[in-house]
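Examining the three-dimensional arrangement
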Amino acid sequence: MSVTTGLFYVFSAVLLFAAFRVITARNPVHAALFLVLTFFQAAMVWMLLKAEFLSITLVLVYVGAVMVLFLFVVMMMDINVENLRIGFWKHFPLAALVGVIIALEMAAVLMGGFRVVDDPQAANAAAVVGVSNTKELGKLLYTQYLLPLEVAAAILLVAVIAAIALTLRTRKDSKYVSPGDQVRVMSRDRMTVVKMAATQAAQAPEAGESQAETKV
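All values derive from a computational prediction rather than experimental measurement.

What counts and how
Residues numbered from 1 in each chain as written. Predicted model: local features only at pLDDT ≥ 70, side-chain atom pairs only at ≥ 80, totals over all residues. Heavy atoms only, no water. UniProt positions renumbered as here; feature names shortened; annotations may be inferred. Helix = DSSP H or I, 4+ residues; strand = E, 2+ residues; numbered from the N terminus. Buried < 20%, exposed > 50% of the residue type's maximum accessible area, 1.4 Å probe, protein only. Contact = heavy atoms within 4.5 Å. Phe/Tyr/Trp six-rings, centres within 6.5 Å; stacked < 30°, edge-to-face > 60°. Core = buried A, V, L, I, M, F, W, Y, C linked by side-chain atoms within 4.5 Å. Expected span 1.5 Å × (residues − 1). Arc of directions from axis to C-beta.

This part takes up the UniProt feature "transmembrane region" (unreviewed entry) in the protein. The feature "transmembrane region" (unreviewed entry), as annotated in UniProt, sits at residues 6-24, 31-49, 55-74, 94-114 and 145-168 in this numbering. Secondary structure across residues 55-74 divides into 100% helix and 0% strand, with the first and last C-alpha atoms of the span separated by 26 Å. A helix fraction of 92% and a strand fraction of 0% characterise residues 145-168, whose end C-alpha atoms lie 35 Å from each other.

Laid out in structure tokens, this is it:
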């Protein structure tokens, strides 16, 4: 076994463990952190495949931007995890069946794609030296796949707007102060002088009470 194969198995094992913990962690913040670990391991697998651009993009975009935004949304919305877990085991058999079907389909596609083909032309094309995969990916992305890229950008924009709309809703347990009112406030508005009656003198205790205190 080579070093590359060993690293692939290590990264894959950690990736599968982190992905399993994403759906089983009780705390949503912990689940998001496990998802960050999953993205990092996937980036390492991309790096082993010599797709440096995709690996760095996965870390910068998903870990550096999307997951930070997701953590802020989870913390600000104060999600009740117990209500989300109601009926989990009831729907678990159907979800497990769908997951197994998807896994089998992916295995069938991947096993068919990794077959070795004895084609001299394909071997010569794969052995081209001096071609930047980042440059070729950019050309392909902004020419042939320009429309799907714009559709994905529009979907992400709608998701960001929806997240902002959800977090800016009015909450009864929060005290909101307008920044404009704070800027326009005057000194006379900060302090109010209240006029109160003068303090009355304390009344002298009665004779019976004073004698009882003396005896004690």
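Okay, back to it.
Mapped onto the fold, Ala 51 is located in the loop between α2 (28-48) and α3 (52-77). Exposure remark for Ala 51: the relative accessible area of 13% places this residue in the buried category. Apart from the residues within four sequence positions on either side, Ala 51 is in contact with Trp 46 and Asn 133.

Residue position: Leu 141 is located in helix α7 (residues 133-141). We classify Leu 141 as partly exposed; its relative accessible area is 30%. In contact with Leu 141, other than residues within four places in its own chain, are Leu 146 and Leu 149.

Let us look at the packing of aromatic side chains. Applying the stated criterion across every chain, the model contains 3 aromatic pairs. Their ring planes at 65° and their centres at 5.8 Å tell us that Phe 8 and Tyr 9 sit as a pair that is edge-to-face. Overall, Phe 8 belongs to the partly exposed group, its relative accessible area being 38%. Each ring, one from Phe 39 and one from Tyr 62, has its centre 5.3 Å from the other, and the planes form 45°; the classification is tilted. Here Tyr 62 lies in helix α3 and Phe 39 lies in helix α2, a separation of 23 residues in the sequence. For Tyr 62, a relative accessible area of 40% corresponds to the partly exposed category.

Among the nonpolar cores identified, the biggest contains 9 residues, and these are Ala 32, Val 36, Phe 39, Ala 42, Ala 43, Leu 58, Val 63, Met 67 and Leu 71. Looking at this core, the elements with two or more residues in it are α2 and α3. With 5 residues, α2 is the single largest residue contributor to this core. Setting aside anything within four residues of it in sequence, one finds Phe 39 in contact with Leu 58, Tyr 62, Val 63 and Met 67.

Moving on, we come to helix α1 (residues 3-24). Across its 22 residues, α1 extends 32 Å between first and last C-alpha, which sits within 8% of the 32 Å expected from 1.5 Å per residue. Turning to α1, its buried residues are Phe 11, Ser 12 and Ala 18. Burial along α1 is one-sided: seen end-on, the buried residues are contained in an arc of 135°. Every exposed residue of α1 that faces more than 90 degrees away from the buried side is listed here: Tyr 9, Leu 16 and Phe 20.

Look at Lys 50: it is not a glycine, yet its phi comes out positive at around 65°. Relative to the assigned elements, Lys 50 resides in the loop between α2 and α3. Residue Lys 50 is classed as exposed on the basis of its relative accessible area of 64%.

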